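Single-letter residue listing:
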Amino acid sequence: MKKNIALVLSSGGARGCAHIGAIKILKENGFNITSIAGTSMGALVGGIYATGQLQQFEEWISSLDIMEVLKLTDFSISRKGLVKGKKVIERIKEIVPERNIEDLSVPFCAVATDILNGTETVFAKGNLYEAIRASISIPTVFQPQKIEEHYYVDGGLLNPIPVNRVKRHAGDLLVVVNVSSPICYETKKIENEPIPVKSQLMYIDLIRDKFNSLIPTKNDHDEDISIFNLTNRSISTMMQKISELTLEKNKPDLLINISRDSFSTYDFYKAKEIIKEGELATLRALESFHKKSRK
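Below you will find a few notes about this structure.

What counts and what doesn't
Residues numbered from 1 in each chain as written. Predicted model: local features only at pLDDT ≥ 70, side-chain atom pairs only at ≥ 80, totals over all residues. Heavy atoms only, no water. Helix = DSSP H or I, 4+ residues; strand = E, 2+ residues; numbered from the N terminus. Buried < 20%, exposed > 50% of the residue type's maximum accessible area, 1.4 Å probe, protein only. Contact = heavy atoms within 4.5 Å. Axes fitted to C-alpha atoms, helices over the stretch in contact; angles between N-to-C directions. Parallel < 35°, antiparallel > 145°, perpendicular 65-115°, else oblique. Left-handed = near helix turned anticlockwise from the far one by under 90°. Nonpolar A, V, L, I, M, F, W, Y, C, P; charged D, E, K, R; others polar. Salt bridge = Lys/Arg side-chain N within 4 Å of Asp/Glu carboxyl O. Lys, Arg positive; Asp, Glu negative; His and termini not counted. Polar contact = N/O pair within 3.5 Å; in protein donor to acceptor, adjacent residues only side chain to side chain. Phe/Tyr/Trp six-rings, centres within 6.5 Å; stacked < 30°, edge-to-face > 60°. Lys NZ or Arg CZ within 6 Å of the ring centre and 35° of its normal.

1. Digging into the overall build of the chain
Then, in step 1: The helix and strand tally for the chain stands at nine helices and eight strands.
Then, in step 2: Taken over 295 residues, the chain has a buried fraction of 52%.
Then, in step 3: Contacts in the chain between residues at least 24 apart in sequence constitute 76% of all its contacts with a sequence separation of at least 6.

Right, dumping it as C-alpha cells:
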C-alpha cells in the first residue's frame with residue numbers, strides 16, 4: 001500500500017540536485033507524492049517532477065561538465081547580478097516544455113522573495129518557468145526576475161524550507177529534504193573520474209577574465225573573504241538559522257538531511273555525484289524511519 005506524502009524541497013544551490021536522488025528512492029520505496037513545495041533549486045526539481053519529466057532532466061543535468069556549465073552561464077556586467085539566467089532556463093525548456101503550474105499532475109508551489117517589498121511570494125499558478133526563475137535568483141549571482149512591477153529573488157531568503165506552503169491531504173506524511181543541513185560530512189571515495197585540474201583552471205581563468213576576480217577562485221570551504229564569497233556566506237548563514245527554526249517549529253514525519261559541506265553551492269558539474277548523495281541520504285533516513293515505526 002502506497003503512503004501519501006507532502007514533499008518539501010529546500011534551497012541549496014547545486015546541492016539541490018540531491019532532491020532528484022531523494023525523489024527516486026522515495027518512489028522506489030512506495031511513497032506517493034501528492035503535493036510539493038520548493039524553494040530555489042527545490043522549486044526547480046519539484047516543478048520538473050510535477051511535469052512528469054524528471055528522468056529526462058536528470059539525464060541532462062548529469063551529463064554536464066565544467067565547460068558545458070560555463071556555456072549555460074550568460075554573464076552580464078550589471079548592477080543587478082552577474083548572470084542573466086536566461087540560457088539555462090531556455091535549455092531546460094527544450095527538455096521539458098513550458099506549461100502552467102495549475103496544469104501540472106501534482107499540486108506544486110514555488111517560493112520567491114519580492115525584494116523591493118521584502119515579502120514572500122508563493123507561486124501556485126501561472127507560468128512554471130517564471131516561478132522557477134524567480135525562486136532560484138540568488139542575490140548578486142542571478143539577476144532578479146521581473147514580473148509586472150515586482151522584482152523577485154531567491155525564496156530561501158525568507159523561507160528556505162517552505163513547510164508552511166505545501167498542500168496537505170488527510171492522512172499524508174510530511175517529508176522534508178534539507179540539502180543544507182549542519183550535519184557532519186564524511187568525504188567518500190568518488191567512483192567517477194576526477195575533474196582534470198587543467199579543466200578546473202581553465203574554468204577559473206575564464207571567469208576571472210570576465211569579472212576581475214570578483215568570484216572566488218577557492219573552494220567554498222577555504223578562507224576566502226572576497227566580496228562575492230562574503231555575501232554568499234552571509235546569505236547561507238542567515239538561511240541556515242531560518243531553516244533550523246522552521247524545523248523546530250514544524251516537525252516532519254521524515255527528514256532527509258544532506259550536509260551543507262558535501263558540495264559547493266555552484267558545483268552543478270558534479271550533479272551525478274550529488275544525486276547519488278541524495279539517494280544515500282534518503283536510504284539512511286528511511287532506515288531510521290522504519291525502525292521508529294516498528295517500535
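2. Description of the packing of helix 1 (residues 18–28) against helix 9 (residues 271–294)
Then, in step 1: Interaxial distance between helix 1 and helix 9 falls to 6 Å at its minimum, and their mutual angle equals 45°. Of the possible angle classes, the one that applies to helix 1 and helix 9 is oblique. Two packed elements cross with a definite hand, and for helix 1 against helix 9 that hand is right-handed. The residues of helix 9 that touch helix 1, namely those facing Ala-18, Ile-20, Gly-21, Ala-22, Lys-24, Ile-25 and Leu-26, are Ile-274, Ile-275, Gly-278, Glu-279, Thr-282, Leu-283 and Leu-286.
Then, in step 2: Looking at side-chain class alone, the contact of helix 1 with helix 9 contains nine nonpolar, three polar and two charged residues.

3. Here we look at the pattern of salt bridges
Then, in step 1: If you walk through the whole model with that rule in mind, you get twelve salt bridges.
Then, in step 2: The residue Arg-91 makes a salt bridge to Glu-94 at a minimum N-O spacing of 3.0 Å. With Arg-91 and Glu-94 both in helix 5 (residues 86–95) and three residues apart, the pair spans about one turn of that helix.
Then, in step 3: The exposure class assigned to Glu-94 is exposed, which follows from its relative accessible area of 59%.
Then, in step 4: Between Glu-244 and Lys-241 there is a salt bridge, and its shortest N-O distance comes to 3.2 Å. In this pair, Glu-244 and Lys-241 both sit in helix 8 (residues 227–249), three residues apart, roughly one turn of the helix.
Then, in step 5: For Lys-241, a relative accessible area of 48% translates into the label partly exposed.
Then, in step 6: The network of salt bridges with common partners includes Lys-24, Glu-58, Lys-276 and Glu-279.

4. What about the packing of helix 3 (residues 54–62) against helix 9?
Then, in step 1: The interhelical angle for the contact between helix 3 and helix 9, taken along N-to-C directions, is 130°, at an axis separation of 8 Å. Taken together, the axis directions place helix 3 and helix 9 in an arrangement best described as oblique. Here helix 3 contributes Glu-58, Ile-61 and Ser-62 to the contact with helix 9, which in turn contributes Ala-271, Lys-272 and Ile-275.
Then, in step 2: In terms of residue class, the contact of helix 3 with helix 9 is built from three nonpolar, one polar and two charged.

5. Concerning helix 2 (residues 41–51)
Then, in step 1: Taking burial as the measure, the eleven residues of helix 2 include eleven buried ones, the bulk of the element.
Then, in step 2: All of the buried residues along helix 2 are Met-41, Gly-42, Ala-43, Leu-44, Val-45, Gly-46, Gly-47, Ile-48, Tyr-49, Ala-50 and Thr-51.
Then, in step 3: Downstream of helix 2 by one or two residues, Gly-52 has phi in the positive range, about 85°.

6. Topic: the side chain of Asp-74
Then, in step 1: Structurally, Asp-74 is set in the loop between helix 4 (66–71) and helix 5.
Then, in step 2: Despite its burial, Asp-74 remains without a salt bridge, the nearest opposite charge being carried by Lys-84 at 6.0 Å.
Then, in step 3: A distance of 3.0 Å separates a polar side-chain atom of Asp-74 from the backbone nitrogen of Lys-87.

7. Describing the packing of aromatic side chains
Then, in step 1: If you walk through the whole model with that rule in mind, you get three aromatic pairs.
Then, in step 2: Measuring from centroid to centroid gives 5.8 Å for Phe-57 and Trp-60, while their planes differ by 50°, and the two rings are tilted. In this pair, Phe-57 and Trp-60 are both assigned in helix 3, three residues apart and thus about one turn of the helix distant. Accessibility assignment for this pair places Phe-57 and Trp-60 in one class, buried.
Then, in step 3: Summarising the aromatic geometry, the rings of Phe-123 and Tyr-152 are spaced 5.3 Å apart at their centres and angled 75° between planes, so their arrangement reads as edge-to-face. Highlighted residues: Phe-123 in strand 4 (residues 119–123) and Tyr-152 in strand 6 (residues 150–154), separated in sequence by 29 residues.
Then, in step 4: One Lys or Arg, Lys-3, reaches over the ring of Phe-31 and ends 4.9 Å from the middle of that ring.

Honestly, it's all geometry; don't read function into it.
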